[in-house]
Amino acid sequence: MAALEKATGDAVLKFEPFVLHVLCQELQDAQLLHSVAIEAGFRNSGITVGRGGKVMMAVRSTHCLEVPLSHQGKLMVSEEYIEFLIHVANQKMEEN
């Protein structure tokens, strides 16, 4: 809270979700891993095939959070709300 009160610009609380990149030998391997990831709840997962034929599987969580806290140095939310956001972010970390 002390750092937010001293801020002169914009402050944002941001939680980035889990991401795992796996280089696969074959497309079939990536497809199998993709199916497992989707069934496990990692709905933002996907497969990318590069120009050289490199097959990359990305396992991604949907647990993201981005909330503005201050604007031009003015705190826009209460301390109670920030505590709530921290609790939510910590829950997302556990789910990751």
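Nothing here was measured: the structure is a model prediction, and the numbers come from that model.

K.L.:
Can you help me understand the sheet that holds strand 2 (residues 19-24) in this one?
P.N.:
The strand order 2-4-3 describes an open sheet built from three strands, whose pairing is antiparallel. Pairing within the sheet leaves two strands with one partner each, and these edge strands are strand 2 and strand 3 (46-49). On average, each strand axis in the sheet is tilted by 20° relative to the strand beside it, whichever way the strands run. Here four bridges tie strand 3 to strand 4 (residues 55-60), and the two strands are oriented antiparallel to one another. Counted as the bridge partner of Val49 is Val55 from strand 4. Across the sheet, helix 2 (residues 27-39) lies against strand 2, strand 3 and strand 4, angled at about 5° from strand 4, the strand it touches most.

K.L.:
Help me understand unusual backbone geometry, please; the structure alone is not making it clear to me.
P.N.:
One can expect most non-glycine residues to show negative phi and most peptide bonds to be in trans. Residue Gln72 is not a glycine yet carries a positive backbone phi of 50°. Along the chain, Gln72 turns up in the loop between strand 5 (65-71) and strand 6 (74-75).

K.L.:
What should I look at first to understand a nonpolar patch on the surface in this one?
P.N.:
A surface patch of nonpolar side chains, amounting to about 230 Å² of accessible area, comprises Leu27, Ile47 and Val49. One can find Val49 in strand 3.

K.L.:
Can you walk me through the nonpolar core in this structure?
P.N.:
Generally speaking, a soluble globular protein has its nonpolar side chains buried in company with each other. Counting residues in each nonpolar core, the largest one holds 11 residues, listed as Leu4, Ala11, Phe15, Leu65, Val67, Leu69, Val77, Ile82, Leu85, Val88 and Ala89. Of all the secondary-structure elements, those providing two or more residues to this core are strand 1 (11-15), strand 5 and helix 3 (79-95). The element best represented in this core is helix 3, accounting for four residues. Once you skip the residues sitting within four places of it in the chain, Ile82 turns out to touch Met1, Leu4, Leu69, Leu75 and Val77. Membership of the second largest hydrophobic core comes to seven residues, among which are Ala30, Ala37, Phe42 and Met57.

What counts and how
- Residues numbered from 1 in each chain as written.
- Predicted model: local features only at pLDDT ≥ 70, side-chain atom pairs only at ≥ 80, totals over all residues.
- Heavy atoms only, no water.
- Pairing = 2+ DSSP bridges.
- Helix = DSSP H or I, 4+ residues; strand = E, 2+ residues; numbered from the N terminus.
- Axes fitted to C-alpha atoms, helices over the stretch in contact; angles between N-to-C directions.
- Contact = heavy atoms within 4.5 Å.
- Patch = residues over 30% accessible without salt bridge, like charges linked within 9 Å, V, L, I, M, F, W, Y side chains within 5 Å.
- Areas by Shrake-Rupley, 256 points an atom, 1.4 Å probe, with all protein chains shown as cover.
- Salt bridge = Lys/Arg side-chain N within 4 Å of Asp/Glu carboxyl O.
- Core = buried A, V, L, I, M, F, W, Y, C linked by side-chain atoms within 4.5 Å.
- Buried < 20%, exposed > 50% of the residue type's maximum accessible area, 1.4 Å probe, protein only.

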